[in-house]
Amino acid sequence: MFGEKKDAEKKRRDKEKKKRGTKKYGQGHYKHSRMGIASCWCAGAGFIILAGSIGYAYLTRGTAAGIVGGAAVTAIILLICGIRSAVQGFKEREKNHLTCKIGLPINAVVLLVFLAVFIGGLN
C-alpha cells in the first residue's frame, strides 16, 4: 500500500497531541468570543456612522439635520447593542475574551463622543 499504516494506539496519541496544542503546559488555542467579535463590528460601524454624520453635516453646512439625526439614533442603538454584546461575550466559557476587552471600551468611547456632540449641538 501507499505509506505506513498507523495502528489504533498511534492514531489516538496523535489525536491527543493535536488536541493539546503547542502551547506551554498543554493548553490548547482558544477561539475568540463570538459576541466579542460582534461587539467589535458594532464599534466599527458606530465609528463609521459618527465620522460620516460629522462629515456630511460639515459638507452641507448644517442643513441636513434629519439625515444626520436619523443616522445618530441608529448609531446610538448600534453602540448600545455593542456594549451589551461585549458584556455577554465575557460569559462565554473557554473562549479568548480579547475582542470583548477591545469592543467594550471602544463602544463606550464612541457613545460618549456621540452624546458630547449631541449635547454640544443643543447649546
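See the structure shown above.
Residues numbered from 1 in each chain as written. Predicted model: local features only at pLDDT ≥ 70, side-chain atom pairs only at ≥ 80, totals over all residues. Heavy atoms only, no water.

I'd like to hear about the overall build of the protein chain, residue by residue, with values.
Within the protein chain, the secondary structure is distributed over 4 helices and 0 strands. Each helix (α) and strand (β) of the protein chain, taken in turn from the N terminus, gives the series α-α-α-α. Looking at the protein chain alone, contacts between residues at least 24 apart form 74% of all its contacts between residues at least 6 apart. Split by element, the accessible area of the protein chain, about 9,600 Å² in all, is 64% carbon and sulfur. (Helix = DSSP H or I, 4+ residues; strand = E, 2+ residues; numbered from the N terminus. Contact = heavy atoms within 4.5 Å. Areas by Shrake-Rupley, 256 points an atom, 1.4 Å probe, with all protein chains shown as cover.)

Explain the environment of Glu 94 to me, and be specific about the residues and the numbers.
When you line up the elements, Glu 94 lands in the loop between α3 (65–89) and α4 (98–122). When the C-alpha positions of Glu 94 and Ser 33 are compared, they lie 8.8 Å apart, and in sequence the two are 61 residues distant.

Give a description of the state of the cysteines that names residues and reports values.
Within this structure, the stated rule accounts for 0 disulfides. Left without a disulfide partner, Cys 81 is nearest to the cysteine sulfur of Cys 42, which lies 6.4 Å away. Given a relative accessible area of 39%, Cys 81 falls into the partly exposed group. Between Cys 100, a free cysteine, and Cys 40, which holds the nearest cysteine sulfur, the sulfur-to-sulfur gap is 7.8 Å. (Disulfide = S-S within 2.5 Å. Buried < 20%, exposed > 50% of the residue type's maximum accessible area, 1.4 Å probe, protein only.)

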